[in-house]
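Notes for the structure review
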Amino acid sequence: MSAEVHKLGVAALAREMEAGRLSSVEATQALLAGITRHAELGAFLAVNEATALAQAREADARRARGQAGALTGVPLAHKDIFVTDFARTGLPTTAGSKMLAGYQSPFDATVLARLQEAGTVTLGKLNCDEFAMGSANENSAFGPVKNPWDLQRVPGGSSGGSAAAVAARLVPAATGTDTGGSIRQPASFTGVTGIKPTYGVCSRYGMVAFASSLDQAGPLARSAEDCALLLSAMSGFDARDATSAQRPPQDFAAAMRAPREGATAAQPLKGLRIGLPEEFFPSALAADVETAVRGALAELEKLGATLVDVSLPRTELSIPVYYIIAPAEASSNLSRFDGVKFGHRAAQHGDLMDMYRKSRAEGFGPEVKRRIMIGTYVLSHGYYDAYYVQAQKLRRMIADDFQACFQHCDLIAGPVAPTVAWQLGAQGEDPLQAYLADIFTLPGSLAGLPGMSVPAGFGQGGMPVGLQLIGNYFEEGALLHAAHALQLATDHHTRAPAGF
Ligand code: GLN
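Residues numbered from 1 in each chain as written. Predicted model: local features only at pLDDT ≥ 70, side-chain atom pairs only at ≥ 80, totals over all residues.

1. Looking at the overall build of the protein chain
Within the protein chain, the regular secondary structure consists of 17 helices and 11 strands. A globule of 500 residues ought to have a C-alpha radius of gyration of about 23 Å, and the protein chain, at 21 Å, matches this closely. Expressed along its principal axes, the backbone C-alpha trace of the protein chain runs to roughly 70 × 55 × 45 Å. Considering only contacts in the protein chain between residues 6 or more positions apart, those separated by 24 or more positions represent 75%. (Helix = DSSP H or I, 4+ residues; strand = E, 2+ residues; numbered from the N terminus. Rg over C-alpha atoms; globule rule 2.2 N^0.38 Å. Contact = placed C-beta atoms within 7 Å.)

2. Quick notes on the site of the ligand
In the region of the ligand, 13 residues are neighbours, and Ala132, Ser135, Thr179, Gly180 and Ser182 sit closest. Here the residues of the shell around the ligand sort into four nonpolar, seven polar and two charged. (Near = placed C-beta within 6 Å. Nonpolar A, V, L, I, M, F, W, Y, C, P; charged D, E, K, R; others polar.)

3. Remarks on the packing of helix 2 (residues 24–37) against helix 3 (residues 49–64)
Geometry of a packed helix pair, given as the angle between the helix axes and the separation of the axes. Interaxial distance between helix 2 and helix 3 falls to 8 Å at its minimum, and their mutual angle equals 155°. Classed by the angle they form, the pair helix 2 and helix 3 counts as roughly antiparallel. Considering the relative orientation of helix 2 and helix 3, their crossing is right-handed. Across from Ser24, Val25, Thr28 and Leu32 in helix 2, the residues of helix 3 making contact are Glu49, Ala52, Leu53, Ala56, Arg57, Ala59 and Asp60. (Axes fitted to C-alpha atoms, helices over the stretch in contact; angles between N-to-C directions. Parallel < 35°, antiparallel > 145°, perpendicular 65-115°, else oblique. Left-handed = near helix turned anticlockwise from the far one by under 90°.)

4. Here we look at the pairing of strand 4 (residues 173–178)
The buried fraction of strand 4 is high, at six of six residues. Burial of the side chains of strand 4 extends over both faces: Ala173, Thr175 and Thr177 are buried on one face and Ala174, Gly176 and Asp178 on the other. Both strand 2 (residues 75–79) and strand 4 contribute to a ladder of two bridges, which runs parallel. Bridge pairing links alanine 77 to alanine 174 in strand 4. Inspection of the sheet shows strand 4 paired to strand 6 (residues 216–221) by six bridges, in the antiparallel sense. Bridging from a neighbouring strand, aspartate 178 pairs with glutamine 216 of strand 6. (Buried ≥ 20, exposed ≤ 12 C-beta atoms within 10 Å, placed from the backbone. Pairing = 2+ DSSP bridges.)

5. Structural notes on the pairing of strand 7 (residues 273–277)
Along strand 7, four of the five residues are buried, which leaves the element largely enclosed by surrounding structure. As defined by bridge partners, strand 7 adjoins strand 8 (residues 306–310) across five bridges and the pair is classed as parallel. From the neighbouring strand, glycine 275 faces strand 8, where its bridge partner is valine 308. For the crossover that starts at strand 7, traverses helix 10 (residues 287–302) and ends in the parallel strand 8, the hand is right-handed. For strand 7 and strand 9 (residues 411–415), the ladder comprises two bridges, and the chain directions are parallel. Counted as the bridge partner of isoleucine 274 is leucine 411 from strand 9. (Right-handed = clockwise from strand over helix to strand, strands pointing away.)

6. What to know about helix 5 (residues 110–117)
Burial analysis of helix 5 places seven of its eight residues in the buried class, which makes it a mostly covered element. If you check which residues of helix 5 are buried, you get Thr110, Val111, Leu112, Ala113, Arg114, Leu115 and Gln116. In this structure, the buried residues of helix 5 make contact with strand 2, strand 4, strand 6 and helix 8 (224–234). Count one or two residues on from helix 5 and you reach glycine 119, which has phi positive near 95°.

7. Section: the nonpolar core
Ala165, Val166, Val171, Leu411, Leu469 and Ala482 are the most contacted members of the largest nonpolar core, which totals 149 residues. There are two domains that each give this core at least three residues, and those are domain 1 (2–256) and domain 2 (260–319 + 386–493). Beyond its immediate chain neighbours, meaning those up to four positions away, valine 166 contacts Val171, Ala173, Ala174, Val192, Leu220, Ala221 and Arg222. (Core = buried A, V, L, I, M, F, W, Y, C linked by C-beta atoms within 7 Å. Domains from an automatic or database assignment.)

8. Here we look at the confidence of the model for the protein chain
Looking at the protein chain, the pLDDT average stands at 97 and 99% of residues meet or exceed 70. Averaged pLDDT values for the elements of the protein chain fall to 91 in helix 15 (residues 431–436) and rise to 99 in strand 5 (residues 193–196). (pLDDT = per-residue confidence, 0-100.)

9. Some details on the environment of glutamate 26
Along the polypeptide, glutamate 26 turns up in helix 2. Taking the number of C-beta atoms within 10 Å as the measure of exposure, glutamate 26 has 18 and is therefore partly exposed. Along the primary structure glutamate 26 and leucine 488 are separated by 462 residues, whereas in three dimensions their C-alpha atoms are 29 Å apart.

10. Thoughts on unusual backbone geometry
Of note, the bond from glycine 157 into serine 158 is cis; its omega dihedral lies within 30 degrees of zero at 0°. Tracing the chain through its elements places serine 158 in the loop between strand 3 (121–126) and helix 6 (160–167). Phi angles above zero are rare outside glycine, and alanine 95 is one such case at about 55°. With respect to the helices and strands, the residue alanine 95 is situated in the loop between helix 4 (86–89) and helix 5. Judged by C-beta crowding, with 30 C-beta atoms within 10 Å, alanine 95 ranks as buried. Located in the positive-phi region is alanine 132, a residue other than glycine, with phi close to 65°. Summarising the element assignment, alanine 132 is placed in the loop between strand 3 and helix 6.

Here's what the structure looks like:
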């Protein structure tokens, strides 16, 4: 059995444990061995075998007492943007930054505390772009992550370690965060399923803040079903996050399975209207991506969905709008890293100002510094009205454009990214290239809408392509339902990269 553990997703692992064919300790040991074997991917920043095995033993004992839930004993790993209680897990929290290297948090992020209460086991912390800024995981202070489908290519970012670990079968599922696409885009680049819920569904308490009005947590897994199981445990109101949505707890797995009214066995999506924004299919969209996405849309049609034309006229503007608002918020959030309140302190310094300057110069990487400078600029007197206020007005218009679309459709679909995963180092020193590639994920983020990446097929070089599904506020259940129906009819999501 243990030789096969890496092939099992979340639901399958839980089933094996419930049937008594596998213990959490056995599963944990097998996965820890795989993580060591595939260190070349750079997916993990920290692993703690002793605390993981202790949690697994506890989960097995809980099951023996007849108190197991849907996730008890399931091993997971977490993006290193979530703080982990060092005393409990023995795991530091770095946010991919030298600024926080070795940081020992005194508490767990709410999302992780909830997964822990559900009985999951934490194997370790996953590499990510520094403070979640990036689209390729090349901005991590601890080195890049490699895409298991092609070790010369990036896994996407900023949740690149999470996506690579799930795709390489090192973990059945992982947590990630998405500010402008960081769950959906790496999921697309590595052929896994990921969901960013509506802003406010998952607590941000204990998530190292990047852009607070955009940051959301969510799962990356091998199927919509596994995402639903994780999201049910992770989500829910938290009084410690002022923007947490006050809604009753949700069972996303039940919502995923609930049949649509008027649906039939052959046509589970009968009556579902899927809107295709013309701006999501521009001439610059890579042909291989378009072919795979259109193939998945044809499958959805076979399952009963109807495709309708809609328009998101401000799609292109979402790039400048996001790259004003996100850096503005980041410049404010990152002011706490001054070598006194938090973070690295320069060994050699003069007076207080000199210490701040040297500590921040040494602790932050180039992309983070760039964003702090842009953010400070757009918030400064004289530029605030010209940039920040304009961007906020456009953000509202982008959100309104989605509501106009949802008059005509139930879900919106399109590509996640304009191309498949690119080569490591391909973007050189030009950050604009990466910013432009965020075009299809940023609109939904700015509107605060839920979005998913679902494996749609393969493109150039055998690289995975994701289909993006966007729903209206709190329509995670509808997204998961459509993705699940697609996955019951197709097998793209079951493919593993060679050697994993
Ligand atoms: N690529 C985007 C950025 O660099 C999104 C990152 C994210 O979602 N965390 O900001």
